[in-house]
Amino acid sequence: MTPEEVIARLDAPLSLRRRVGYVGLALAGLTGSGLIVLLWATEPGLPPRTKVAFAVLVAIGLAWAAFGGWAVTRRAPLFARDRVVAGWLGLAAWLLFTTGAVVITTLRHRVEPTLLLAVVVLGGVAVVHLRTVRRSRAALLKRKDELTRE
C-alpha cells in the first residue's frame, strides 16, 4: 500500500460494524437506566443507600448511552479516541463502584473477601484496558504523522 492509501484508510469514519456496536451500547445504557428508574419509581420506601446506588447506576448507564451517541455521530476519524474515552468511562464506573463498596463495607464494619477480590480484579482490568488503548492511540497517531511527512 502507498502512504496515501494508508492515510485514506486512517481517515475513514467508523465502520458499519462499529456504528452498530455503538448504537447497541447506547441502547443498552438507555435500557438499563430506564429499567432502574422504573424499578426505583415503583418501589416506595427504599433505604437511602439503595436510592444512591440506583442513582449511580442510572448515571453510569446514561454515560454509556451518551458515549455511544457521541461515537456514532462523529463524522471525522477518531484514531482510537473512542476507545480511550470508553477506557476512561470504564475506569470512572469502577471508581464509583469501589467507592460505594467501601462506604457500604465501612458501615457494616466487616470486609468481604469476595468483594475485595472483585474490586481488585475489575480495577486491574480497567487500568490495563485504559493503558492498552492509550498506547494503541499513540501508535496510530505516530503512524499517521510518519505517513503524512513522507
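Calculation criteria
Numbers given to residues run from 1 along each chain, matching the order in which its sequence is written. In keeping with the predicted nature of the model, local features appear solely for residues at pLDDT of at least 70, side-chain atom pairs appear and are counted solely at 80 or more, and the whole-chain, interface and lining totals rest on all residues. Note that water and hydrogens are dropped before the side-chain values are worked out from all heavy atoms of the structure. Helix numbering and strand numbering both begin at the N terminus, where a helix is a DSSP run of H or I of at least 4 residues and a strand a DSSP run of E of at least 2. Burial classes follow relative accessibility: with a 1.4 Å probe on protein chains only, a residue under 20% of its type's maximum area counts as buried, one over 50% as exposed, and anything between as partly exposed. Pairs of residues are marked as contacts when any of their non-hydrogen atoms sit within 4.5 Å. Angles run from 0 to 180 degrees between N-to-C directions of axes, and those axes are lines fitted to C-alpha atoms, restricted for helices to the stretch in contact. Should an angle fall under 35 degrees it is called roughly parallel, over 145 degrees roughly antiparallel, and 65 to 115 degrees roughly perpendicular, with every other angle called oblique. By definition, any crossing whose near helix is turned counterclockwise from its far helix by less than a right angle is left-handed, and any crossing with a clockwise turn is right-handed. Under the scheme applied, nonpolar residues are Ala, Val, Leu, Ile, Met, Phe, Trp, Tyr, Cys and Pro; charged residues are Asp, Glu, Lys and Arg; polar residues are all the others, including Gly. UniProt positions are given in the numbering used here, feature names are shortened, and annotations may be inferred rather than shown by experiment. Any helix carries an expected span of 1.5 Å times its number of residues minus one. When charges are counted, neither His nor the chain ends are considered; positive counts come from Lys and Arg and negative counts from Asp and Glu. By convention in these notes, a salt bridge is any Lys or Arg side-chain nitrogen within 4 Å of a carboxyl oxygen on Asp or Glu. Polar contacts, as used here, are pairs of N or O atoms within 3.5 Å; protein pairs need one atom able to donate a hydrogen and one able to accept it. Residues neighboring in sequence count only if both atoms are side-chain atoms. Here a pair means two rings of Phe, Tyr or Trp (six-membered ring of Trp) with centres within 6.5 Å. Their orientation is stacked below 30 degrees between planes, edge-to-face above 60, and tilted elsewhere.

### Thoughts on the overall build of the protein chain
Looking only at helices and strands, the protein chain has five helices and zero strands in total. Going from N to C terminus, the protein chain has its helices and strands arranged as α-α-α-α-α. Expressed as a percentage of the 150 residues in the protein chain, the buried residues total 27%. Of the contacts made within the protein chain by residues no fewer than 6 positions apart, 73% connect residues no fewer than 24 positions apart.

### Observations concerning the packing of helix α2 (residues 16-42) against helix α3 (residues 48-73)
In the contact formed by α2 and α3, the axes pass within 8 Å of each other and the chain directions differ by 160°. Between α2 and α3, the angle falls in the class roughly antiparallel. The handedness of the crossing between α2 and α3 is left-handed. Residue composition of the contact of α2 with α3, grouped by class: 19 nonpolar, five polar and two charged.

### Focus on the side chain of serine 33
Along the chain, serine 33 turns up in helix α2. When residues no more than four places from it in sequence are discounted, the contact partners of serine 33 are Leu57, Val58, Gly61 and Leu62.

### Details of the UniProt feature "transmembrane region" (unreviewed entry) in the protein chain
Within the UniProt annotation, "transmembrane region" (unreviewed entry) is assigned to residues 20-40, 52-72, 84-107 and 113-133. What you have in residues 20-40 is 100% helix and 0% strand, and the ends, taken at the C-alpha atoms, are 30 Å apart. Across residues 84-107 one finds 100% helix and 0% strand; the C-alpha atoms that close the span lie 35 Å apart.

### Overview of helix α5 (residues 113-149)
In a regular helix each residue adds 1.5 Å, so 37 residues correspond to 54 Å; α5 covers 54 Å between its end C-alpha atoms and thus fits that length. Along α5, the residues classified as buried are Val119, Gly123, Ala126, Leu130, Val133 and Leu147.

### Section: the side chain of aspartate 82
Relative to the assigned elements, aspartate 82 resides in helix α4 (residues 81-108). It turns out aspartate 82 is buried and unbridged, and the closest side chain with the opposite charge, arginine 18, is 4.1 Å from it. A distance of 2.5 Å separates the side chain of aspartate 82 from the side chain of tyrosine 22, its partner in a polar contact. Discounting residues that sit within four places of it in the chain, aspartate 82 has contacts with Leu14, Arg18, Tyr22, Phe67 and Trp70.

### Considering the environment of leucine 115
With respect to the helices, strands and loops of the structure, leucine 115 is situated in helix α5. As a C-alpha pair, leucine 115 and valine 102 span 13 residues in sequence and 9.6 Å in three-dimensional space. Among all residues touching leucine 115, those that are not within four sequence positions of it are Phe97, Ala101 and Thr105.

### Topic: the packing of aromatic side chains
Going through the model one piece at a time under the given rule, you end up with four aromatic pairs. When the ring of tryptophan 64 is compared with that of phenylalanine 67, the centres are 5.8 Å apart and the planes differ by 85°; the resulting orientation is edge-to-face. A residue pair is termed a helical-turn pair when its members lie 3 or 4 positions apart in one helix, as tryptophan 64 and phenylalanine 67 do in helix α3 at three residues. For tryptophan 64, a relative accessible area of 21% gives the class partly exposed. An aromatic cluster is defined as three or more aromatic residues linked by ring pairs; in this entry it consists of Tyr22, Trp64, Phe67 and Trp70.

### Remarks on α3
For α3, spanning 26 residues, the distance from its first C-alpha to its last is 37 Å, which sits close to the expected 38 Å at 1.5 Å a residue. Burial in α3 covers these residues: Phe54, Val58, Ile60, Gly61, Ala65, Phe67, Gly68, Ala71 and Val72. Turning to α3, the residues buried within the fold contact α2 and α4.

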